[in-house]
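Structure assessment
The primary structure of each chain is shown beneath.
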Amino acid sequence: MRIARLLGTVLGTTLLTTTAVLTAPAQADTGVAARDTVTLDRPALRDSLDAVHEAGMYGVFSSVRDGRERWTGASGQADVATGRPVTPDMRQRVGSISKTFTAVGIMQQVERGRIRLDAPVGDYLPDLIPGERGREITVRMLLNHTSGIGDYILGAFPSLAQGSTDSLEAERFRSIRPAELVRMGLAAPATGRPGAVPGSYSNTNYVIAGLLLEKVTGQKAGAYLARQVIDRAGLRHTYLPRTPYIKGPHPRMYESWFGLLDPARDFSVYDMSWASTAGSVVSTTDDLNRFYRALLGGKLVGKASLDEMTRTVPVSGMDYGLGIYSLELRGCGRFWGHDGAVFGAGTIALSSRDGKRQVALAQNLMKYQELDEKGRPKPHPIDDAIAAHVVRALCPDTSASGINHSRLTKSLRFDQLSH
């Protein structure tokens, strides 16, 4: 999911890692070029993905598209104990990319007239958010993180506030109801007045959105999203899990927590109820590209809804819309998508507005960086390596793009905690 602050004020996302330079060759499915002019530089993509692994990432896999042309690749290890290689088709917990799925579900109900974007949340969920807050916070404010509601993460994992990871292990098999997560978020200090910008990224907003979806549809949020979003987008390997286990081929997911877990601990078996509709989706990199093509191509919501989703406000250093953010790469264009992370797994998915140029990348080692004296993650070679691969994927002529990789890394919030 996304964490927009550092240790002690955890709030939700990114992807990254630490340690061990392992050496396994990249495996790439070169795909079939569908045009006379090939714009994907396959050797460069393969080399840049290998560079992520060589910089210290355990395993990394990626899917890149340009129109109908496609490249997939993988580099490194899915299991550091056995040496099992990572492969491009593996499932991954995609964290806060789940927010785009949930936002799509809400916008579908807006189109049906069951939800009004600028109506108070208290009109729909008066018992969940009573009083003044329920009257002042609108549905739109939930989706663009301007509600002022704090994040529930420290309530769910209290040891993090003391610089300890004990909660992560203790809560591995805990099942927690969405309403309890909301209670924790509402009890946390408010991050601002409702509607004020810049907004502050909070996972609580999207747990509330999931409960709102259940209220107006009369269905469990997971069941609704499966039928009306995942199936409609044609996704074959995407789902919201019901157990701590991932179905199908997947890497082990290693969490270092800035060196507090040494060696990095495997969190691939984990009850994801704590992430709820804010971050529990499991998917593949190919499915994520398909999902964002379907969304940006108008297959999941209409033009008016998509216009609302891509109307951004400043939120925790991002240009954030409704469940989706934009990233401007100078000389290359603007791209739309989301990134996300849970314990041990990080993912990024970005697409051009027309859905033709896309990259989705996943990794299986998180928070590998060391912290400086102020508790901020220090730069790591993995950061630049991931940024270089993203640039290579999205910008055919990287030499002319003038993109500063460290600036891109900062934009992707690779220097922050993950949730």
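Right, let's walk through the structure included here. (Residues numbered from 1 in each chain as written. Predicted model: local features only at pLDDT ≥ 70, side-chain atom pairs only at ≥ 80, totals over all residues. Heavy atoms only, no water.)

**Considerations on the overall build of the protein chain**
- Counting secondary structure elements, the protein chain contains 15 helices and 14 strands.
- Counting across all 419 residues of the protein chain, residues that qualify as buried make up 60%.
- Sequence-distant contacts in the protein chain: of pairs separated by 6 or more residues, those separated by 24 or more amount to 74%.
- Carbon and sulfur atoms form 49% of the exposed surface of the protein chain, whose accessible area is close to 15,500 Å². (Helix = DSSP H or I, 4+ residues; strand = E, 2+ residues; numbered from the N terminus. Buried < 20%, exposed > 50% of the residue type's maximum accessible area, 1.4 Å probe, protein only. Contact = heavy atoms within 4.5 Å. Areas by Shrake-Rupley, 256 points an atom, 1.4 Å probe, with all protein chains shown as cover.)

**Some thoughts on unusual backbone geometry**
- Each neighbour pair has its own omega, and for valine 197 with proline 198 the value is 0°, a cis peptide bond.
- Aspartate 262 connects to proline 263 through a cis peptide bond whose omega is 5°.
- Its place among the elements puts proline 263 in the loop between strand S5 (254-255) and strand S6 (265-266).
- For serine 276, which is not glycine, the phi torsion reads 50° and is therefore positive.
- Along the polypeptide, serine 276 turns up in helix H10 (residues 276-279).

**A short note on the packing of aromatic side chains**
- Per the counting criterion, the structure on display carries 12 aromatic pairs.
- Measuring from centroid to centroid gives 5.3 Å for phenylalanine 157 and tryptophan 274, while their planes differ by 85°, and the two rings are edge-to-face. You can see phenylalanine 157 sitting in the loop between helix H5 (153-156) and helix H6 (166-170) and its partner tryptophan 274 sitting in the loop between S6 and H10, a full 117 residues away along the chain.
- A residue is classified by how much of its surface remains accessible, and phenylalanine 157, at 2% relative accessible area, is buried.
- Relative to phenylalanine 343, the ring of tyrosine 270 has its centre 5.5 Å away and its plane inclined at 65°; by these criteria the two rings are edge-to-face. Of this pair, tyrosine 270 sits in the loop between S6 and H10 while phenylalanine 343 sits in the loop between strand S11 (333-342) and strand S12 (345-352); the two residues are 73 residues apart in sequence, bridging distant segments of the chain. The burial state of tyrosine 270 is the same as that of phenylalanine 343; both residues are buried.
- Through successive ring pairs, a cluster of aromatic residues spans Phe157, Trp257, Phe258, Phe267, Tyr270, Trp274 and Phe343. (Phe/Tyr/Trp six-rings, centres within 6.5 Å; stacked < 30°, edge-to-face > 60°.)

**Things to note about the packing of helix H8 (residues 204-217) against helix H9 (residues 221-230)**
- Relative orientation of the contacting elements H8 and H9 amounts to 80°, with a least axis distance of 9 Å. Judged by the angle between their axes, H8 and H9 are roughly perpendicular. Here Gly210, Leu213, Glu214 and Thr217 of H8 lie close against H9, whose contacting residues are Ala221, Tyr224 and Leu225. (Axes fitted to C-alpha atoms, helices over the stretch in contact; angles between N-to-C directions. Parallel < 35°, antiparallel > 145°, perpendicular 65-115°, else oblique.)

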